[in-house]
Amino acid sequence: MSDETLTLTLPDGSAREVPRGTLPREVVASIGPRLLRDAIAVTVNGAVQDLMTPLRAGGAFRVLTPKDPESLAVLRHSGAHILATAVRRLRPDAHIGFGPAIDDGFYYDFEVDRPFTPEDLEAFEAEMRKVVAEKFPFIRDEVDREEAKRRFADDPLKLERIADLGDSEVISTYTDGPFIDLCRGPHVPDTSYLRHFKLLHTAGAYWRGDERRQMLQRIYATAWWSQEDLAAYLHRIEEAKRRDHRVLGKALDLFFFHHVSPGAAFWTERGTIVYNELVRFIREKQAERFIEVKTPLLFGRALWEQSGHWGKYRENMFLVHNSETNEQDMSLKPMNCPSHYLLYLAKKHSYRELPRRLVTFDVLHRNELTGALSGLTRVRQFSQDDCHVFLAPSQITAEVRFLMDFIMSYYRAFGLEPSLRFATRPPTRIGTDAMWDEAESALRQALESTGQAYELKPGDGAFYGPKIDFDVTDSLGRAWQLGTIQLDYNAPERFDLQYVGEDNAMHRPVVIHRAVSGSLERFIAILIEHFAGAFPVWLAPEQVRVLPISDDLAPQAGEIVARMKAAGIRADLDAHDTLNYRIREAEIMKVPYMAVVGRREAEAGTVAVRTRGAGKKQDIVPVSDFIARVRTEIAERVLGP
RNA sequence: GCCGGCGUAGCUCAGCGGUAGAGCAUCGGUUUUGUAAACCGAGGGUCGCAGGUUCAAUCCCUGCCGCCGGCUCCA
């Protein structure tokens, strides 16, 4: 180590000169003993490192305390080591895999002969508390490759990782008490820092996510700086379960699944209303500038060979027996694109017709792995609001801009806030760089003109073109892709798509794949969770429930229901039990409005309106006014009540 | 597909070797209700399916089917 001097710049602008190799904790101590007590780690030029790692470079120097968000990841990563420490004590045979910090906690993967049980988990957690109480310091050690191999001679997974490390990489190990791990760090100073944590569940996980490799046992856990944060997190999970579309779908009687057709929903009367209202809304929005079409559900293999799906997508397609050839060479379509191309090809097109936007709601089937199916978010049968735009290359910028606006205004109608991802050219791709330059800049310009923040995903585009994806997260924080805008230069070639240009010569159009909801099934799942089942009036299966206070008022209440129905409102009469009981039922079913009819109201021609979720507060209004108000809310598709 | 957990009345769940129970829902009756559960009574289950062990299986074992949590946010 040289006697070189490093310059550290503190957040207050002051600078410190320290010899290279100084420990950050010495620097922190020199700033103040109080700070040292709170310090978890430091950042040098933004890179987090722990207090015991010698400083190699100077630059912007910041001390992380529990107040800094980055410090949580450090704590959690240390939590993973503490978990492994405990597991190794109780199951010395366990080989260790990886144990990173994740969004709300951490996990660690182990290779064991006998999978972990829920009881094992309790034992591990108790053992972890002992390790925490033992206050083992995390000791970093930098070693050469041979030494690393010696230290992990009994851990084949670690040896594999070591073998993958490049020659220039620093190999470091961290030790806490009896446990040593190959690890880059950083870590908290000692094990006592992990105080508020909980092991959550186990799961199988393939080594390195590769289904050809062995399955490891993963333990998921959460960890926080304070008891309040931990409690809040656990509470958040409980709340999320209450919003779970699978739970609400059953409670609100919207849809269900049956083992005779895994991954295909049965939509009940109420659910079908939601579904159809959604489709109606999309149709209205698309009415002017899109062309709706329908195509077959079943196709012979020739189409899939032309599109390229037969080769690599066949195992995801439901194959159907062809009675003529006696072969399994027909398939339920897994996507609409090829059939839209055929529709386009059925006629000759002029440049004057472009962009030509074909949309469809046809049913699609994809044979997903059984283990991947989950509620409405992962199904085998679904519909997309699928659109393929055929356009001239010169129209790309304007078209992408148009589609962006369309998609964003659609989400806004539900109060959804998607996150955007812009995926650019992958290493293996078709087409010229000039083509990609143009496509990417068109997408980027359209994206930036909206003012929306977006995440850049370099190299994540499809081989046939760049794309913009629109994601939202469900109640459990899992991200789902809804909309997408994908430029495609490949399909027009494969299907020999053409249009007659101004010059009377044939030209190659570009295709844009566009979905807004993505899968309607999944979108409804997202909506259920987003609204916690309390749909805005226009989407609600039942919009008004009319409640006569006593039986003898049922005829008058029935008349009000009839008037509402005639006005296009989904209203129902409920006279079957006590008023309190019926109000409770209507609240539980999340009916937006309850219209209570008592003697006073019947005589005055009014209803006492109770709004979902608003409690006792009532609003006495003439029936006609109430009808007009609800009609307006429906027509304008306002969010709420 | 793979690993783990689970599958009992329409729903939520208890029971776990001696052929089943609660609450809610449903049905019948009483009550006629002013803003989140009136009262009484009744009906309802080849305990996911198929084998096996046992004198005896919802309960134990095996296999299927389905559902749930996951399956690199890299040492």
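Source: prediction; values computed, not measured.

Engineer: Talk me through the overall build of chain A; I want residue IDs and the actual numbers.
Structural biologist: Helix and strand content of chain A: 20 helices and 34 strands. Principal-axis analysis of the C-alpha atoms places the extent of chain A at approximately 90 × 75 × 60 Å. By the burial criterion, 50% of the 641 residues in chain A qualify as buried. Put simply, of all contacts in chain A between residues at least 6 apart along the chain, 67% involve residues at least 24 apart. Carbon and sulfur atoms form 50% of the exposed surface of chain A, whose accessible area is close to 30300 Å². Charged side chains in chain A number 83 positive and 93 negative. The centres of these two groups are separated by 2 Å.

Engineer: Residue-level account of unusual backbone geometry, with values.
Structural biologist: In the segment running from G185 into P186, the intervening peptide bond is cis, with an omega of -5°. Considering the arrangement of structural elements, one finds P186 in the loop between β11 (179-182) and β12 (196-206). With an omega dihedral of -5°, the bond running from L354 to P355 counts as a cis peptide bond. Relative to the assigned elements, P355 resides in the loop between α12 (337-345) and β20 (356-360). Although it is not a glycine, K135 adopts a positive phi angle of roughly 55°.

Engineer: Tell me about the pairing of strand β32 (residues 593-597), and please be specific about residues and values.
Structural biologist: Counting buried positions over the 5 residues of β32 gives 5, a clear majority of the element. Alternating positions in β32 separate into two faces, Y593, A595 and V597 on one and M594 and V596 on the other, with burial throughout. Sheet topology places strand β30 (residues 544-548) next to β32; 5 bridges connect them, and they run parallel. Paired with L547 across the two strands is V596, which belongs to β32. With 4 bridges connecting them, β32 and strand β33 (residues 606-611) associate as antiparallel partners. Bridge assignment links V596 to a residue of β33, and that residue is A608.

Engineer: Would you mind going over the protein's contact with RNA strand B in detail, with residue names and values included?
Structural biologist: Taken together, 56 residues form the shell around RNA strand B, and within it L182, R184, Y206, Y581 and Q618 come nearest. For RNA strand B, the backbone makes up 51% of the atoms found within 4 Å of the protein, where backbone means sugar plus phosphate. For RNA strand B, a base oxygen lies 3.0 Å from a polar atom in the backbone of G204. Within the contact set of RNA strand B, a sugar or linking oxygen lies 2.8 Å away from a side-chain nitrogen or oxygen of Q217. Looking at the surface near RNA strand B, the elements that each hand over two or more residues are β7 (101-102), α6 (156-164), β12, β13 (215-224), α8 (245-251), α18 (579-588), α19 (599-604) and β33. Looking at the surface near RNA strand B element by element, the count peaks at 6 residues for α18. When its residues are assigned to classes, the surface near RNA strand B shows 24 nonpolar, 14 polar and 18 charged.

Engineer: Before we move on, can you summarise the packing of helix α13 (residues 396-412) against helix α14 (residues 433-449) with the specific residues and values?
Structural biologist: At a minimum axis distance of 8 Å, the contact between α13 and α14 shows a crossing angle of 40°. In this structure, the crossing between α13 and α14 has a hand that is right-handed. Facing α13, whose interface residues are I396, T397, V400, R401 and M404, α14 presents E438, A442, L443, Q445, A446, L447 and S449. For the contact of α13 with α14, a count of residues per class yields 7 nonpolar, 3 polar and 2 charged.

Engineer: Describe in detail the packing of helix α3 (residues 69-90) against helix α4 (residues 118-134), supporting the description with residues and values.
Structural biologist: Between α3 and α4, whose axes approach to 8 Å, the crossing angle comes to 115°. By the angle between their directions, the pair α3 and α4 is classed as roughly perpendicular. As for how α3 packs across α4, the hand of that crossing is right-handed. Taken together, the residues of α4 that come into contact with α3 (itself represented by G79, I82, L83, T85, A86, V87, R89 and L90) are A123, F124, E127, M128, K130, V131, V132 and E134.

Engineer: Which residues make up helix α9 (residues 269-286), and what are the values?
Structural biologist: One full turn of an α-helix is made of 3.6 residues, so residues set three or four places apart face in the same direction. The terminal C-alpha atoms of α9, which comprises 18 residues, lie 26 Å apart, in line with the 26 Å expected from a rise of 1.5 Å per residue. Taken together, the buried positions of α9 are occupied by R270, G271, V274, Y275, E277, L278, V279, F281, I282 and Q286.

Engineer: Report on the pattern of salt bridges, specifying residues and quantitative values.
Structural biologist: Enumeration over the complete set of coordinates arrives at 54 salt bridges. The shortest N-O distance in the salt bridge between E127 and R89 comes to 3.0 Å. Separated by 38 residues along the polypeptide, E127 in helix α4 and R89 in helix α3 bring together distant segments of the chain. A relative accessible area of 9% means that E127 is categorised as buried. Look at R89 and you get partly exposed, because its relative accessible area is 31%. Here E455 ties to K457 by a salt bridge, and the two come within 3.8 Å at their closest N and O atoms. In this structure K457 comes out as partly exposed when scored by relative accessible area, which is 27%. When salt bridges with common partners are traced through the structure, they connect R425, R429, D433, D437 and E440 into a single cluster.

Engineer: Go over the nonpolar core with me, naming the residues and quoting the values.
Structural biologist: One finds M404, Y411, F414, V544 and F626 to be the most contacted residues of the largest nonpolar core, which totals 80 residues. For this core, the element with the highest residue contribution is α13, accounting for 10 residues. There are two domains that each give this core at least three residues, and those are domain 3 (255-530) and domain 4 (544-636). Non-local contacts of M404, meaning those with residues more than four positions away in its chain, are made with L420, A446, L447, T450, I468, F470 and I485.

Engineer: Go over the sheet that holds strand β17 (residues 298-300), please, and point to the residues and values.
Structural biologist: With antiparallel pairing, 3 strands are arranged side by side in an open sheet as β17-β19-β18. Single-partner strands in this sheet number two, and they are β17 and β18 (319-322). Neighbour to neighbour, the strand axes of the sheet diverge by 45° on average, direction disregarded. Taken together, the 3 bridges between β18 and strand β19 (residues 327-332) define a ladder with antiparallel strand orientation. Considered in β19, the bridge of V320 is made with M330.

Engineer: Go over the confidence of the model for chain A, please, and point to the residues and values.
Structural biologist: Of the residues in chain A, 99% have a pLDDT of 70 or more, and the chain-wide mean is 92. Interface confidence for the predicted complex, given as ipTM, is 0.94, next to a pTM of 0.91.

Engineer: Help me get a handle on the side chain of T424, residues and values and all.
Structural biologist: Of note, T424 is situated in the loop between β23 (419-423) and α14. Judged by relative accessible area, which is 10%, T424 ranks as buried. There is a polar contact of 3.1 Å between the side chain of T424 and the backbone nitrogen of G459. Contact partners of T424, with chain neighbours within four places excluded, come to W436, E440, L456, K457, P458, G459, D460, G461 and P466.

Engineer: Outline the sheet that holds strand β34 (residues 618-622), supporting the account with residue identities and numerical values.
Structural biologist: Taken in spatial order, the 5 strands line up as β31-β30-β32-β33-β34 in an open sheet, and their pairing is mixed. Whereas interior strands pair on both sides, the edge strands pair on one side only; in this sheet they are β31 (571-573) and β34. Within this sheet the neighbouring strands show an average axis-to-axis angle of 30°, counted without direction. Docked against the sheet, helix α17 (residues 554-566) engages β30, β31, β32 and β33, running at close to 165° with respect to β31.

Here is what the cut-offs are and how they apply
- The numbers attached to residues start from 1 for each chain and follow its sequence in the written order.
- A letter from A marks each chain and a number from 1 marks each ligand, given out in the order of writing.
- Residue-level local features of this predicted model are given only where pLDDT is at least 70; pairs of side-chain atoms are given and counted only at 80 or more, and the full residue set underlies all totals for whole chains, interfaces and linings.
- Side-chain measures were taken over the full set of non-hydrogen atoms in the model, leaving aside hydrogen atoms and water.
- For helices the rule is a DSSP run of H or I covering at least 4 residues; for strands it is a run of E covering at least 2, with both sets numbered from the N terminus onward.
- Three exposure classes are used, based on accessible area relative to the maximum for each residue type with a 1.4 Å probe and protein chains only: buried under 20%, partly exposed in between, and exposed over 50%.
- Contact definition: two residues touch when any of their heavy atoms are within 4.5 Å.
- Only the protein chains shown count as covering a residue, and every accessible area follows the Shrake-Rupley method with a 1.4 Å probe.
- The charged-residue count follows a simple rule in which Lys and Arg add positive charge and Asp and Glu add negative charge, with His and chain termini not counted at all.
- To locate a charge, the coordinates of NZ of Lys, CZ of Arg, CG of Asp or CD of Glu are taken.
- Pairing between two strands is assigned when DSSP locates at least 2 bridges connecting them.
- We call a residue near a molecule or strand whenever a single non-hydrogen atom of that residue lies within 4 Å of it.
- Pairing of N or O atoms within 3.5 Å defines a polar contact, subject to two protein rules: one partner must be a possible hydrogen donor and the other a possible acceptor, and residues neighboring in sequence count only if both atoms are side-chain atoms.
- Ten residues, namely Ala, Val, Leu, Ile, Met, Phe, Trp, Tyr, Cys and Pro, are considered nonpolar, four, namely Asp, Glu, Lys and Arg, are considered charged, and the remaining ones, Gly among them, are considered polar.
- Interaxial angles span 0 to 180 degrees and are taken between N-to-C directions of axes, which are lines fitted to C-alpha atoms, for helices over the stretch in contact.
- Crossing handedness is read from the near helix: turned anticlockwise from the far helix by less than a right angle, it gives a left-handed crossing, and turned clockwise, a right-handed one.
- Orientation is classified from the angle alone, with under 35 degrees giving roughly parallel, over 145 giving roughly antiparallel, 65 to 115 giving roughly perpendicular, and any other angle giving oblique.
- Expected span of a helix, by definition, is 1.5 Å for each gap between consecutive residues, and there is one gap fewer than residues.
- Criterion for a salt bridge: a side-chain nitrogen of Lys or Arg within 4 Å of a carboxyl oxygen of Asp or Glu.
- Here, nonpolar core means buried Ala, Val, Leu, Ile, Met, Phe, Trp, Tyr and Cys residues that are tied together by side-chain atoms lying within 4.5 Å of each other.
- Where each domain starts and ends comes from a domain assignment, either automatic or drawn from a database.
- pLDDT is defined as a per-residue confidence score from the predictor, taking values between 0 and 100.

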